[in-house]
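So you can see what is in the structure, the chains are spelled out below.
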Amino acid sequence: MFEFKVLFAEGSSVSRPPMFNGMNYAFWKIRMKIFMESIDSFIWEVVVHGPYMPMQVIKDEEVAKPRSEWNEIERKKAQYDLLAKNIITSSLTMDEFFRIS
């Protein structure tokens with residue numbers, strides 16, 4: 001009797017981010033981009049351009065706006081950074097998590 005070994009990983013999930021185990025980063029990055037954009041395209045924008053910080057002008061100088069003064073749109077934009085962090089950390093094996101944390 002022949003024994004077959006599984007050569008392919010299980011199918012992907014539309015509700016769980018793709019796991020990264022330290023191998024095939026380019027493949028994982030493409031899948032992660034697609035995963036994040038499928039939730040909300042602005043999540044990937046945060047990864048590429050950095051977190052959104054509401055700003056205000058005081059005495060001709062742009063400074064960070066206090067969180068207590070953020071409006072609903074500013075709160076939502078700032079939330080994308082937290083969503084991206086959650087997705088990324090949820091996609092890492094324990095070894096990879098401790099490597100980057």
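Residues numbered from 1 in each chain as written. Predicted model: local features only at pLDDT ≥ 70, side-chain atom pairs only at ≥ 80, totals over all residues. Heavy atoms only, no water.

Our next topic: the side chain of Asp81. Along the chain, Asp81 falls in helix α3 (residues 72-90). Leaving out residues up to four positions away in the same chain, Asp81 has contacts with Val46 and Pro51. (Helix = DSSP H or I, 4+ residues; strand = E, 2+ residues; numbered from the N terminus. Contact = heavy atoms within 4.5 Å.)

Another aspect to go through is the nonpolar core. Core analysis: the biggest nonpolar cluster contains 12 residues, these being Phe20, Trp28, Met32, Phe35, Met36, Ile43, Trp44, Val46, Tyr80, Ala84, Ile87 and Leu92. Only α1 (25-39), α2 (41-49) and α3 provide two or more residues apiece to this core. A total of four residues in this core trace back to one element, the largest contributor, which is α1. Once residues lying within four places of it in the same chain are set aside, the contact partners of Trp44 are Lys29, Lys33, Met36 and Glu37. (Core = buried A, V, L, I, M, F, W, Y, C linked by side-chain atoms within 4.5 Å. Buried < 20%, exposed > 50% of the residue type's maximum accessible area, 1.4 Å probe, protein only.)

Turning to the pairing of strand β2 (residues 61-64), a few remarks are in order. Side-chain direction in a regular strand flips from residue to residue, so the side chains alternate between the two faces of the sheet. As defined by bridge partners, strand β1 (residues 55-58) adjoins β2 across four bridges and the pair is classed as antiparallel. Bridge pairing links Ile58 to Glu61 in β2. (Pairing = 2+ DSSP bridges.)

Next up on the list: the packing of aromatic side chains. Here the structure, examined in full by the defined rule, presents five aromatic pairs. Both rings, one in Tyr25 and one in Trp28, keep their centres 5.8 Å apart while their planes meet at 45°; by these two values the pair is tilted. One end of the pair, Tyr25, and the other, Trp28, are both in helix α1, three residues apart, so they sit about a helical turn from each other. The exposure class assigned to Trp28 is buried, which follows from its relative accessible area of 10%. (Phe/Tyr/Trp six-rings, centres within 6.5 Å; stacked < 30°, edge-to-face > 60°.)

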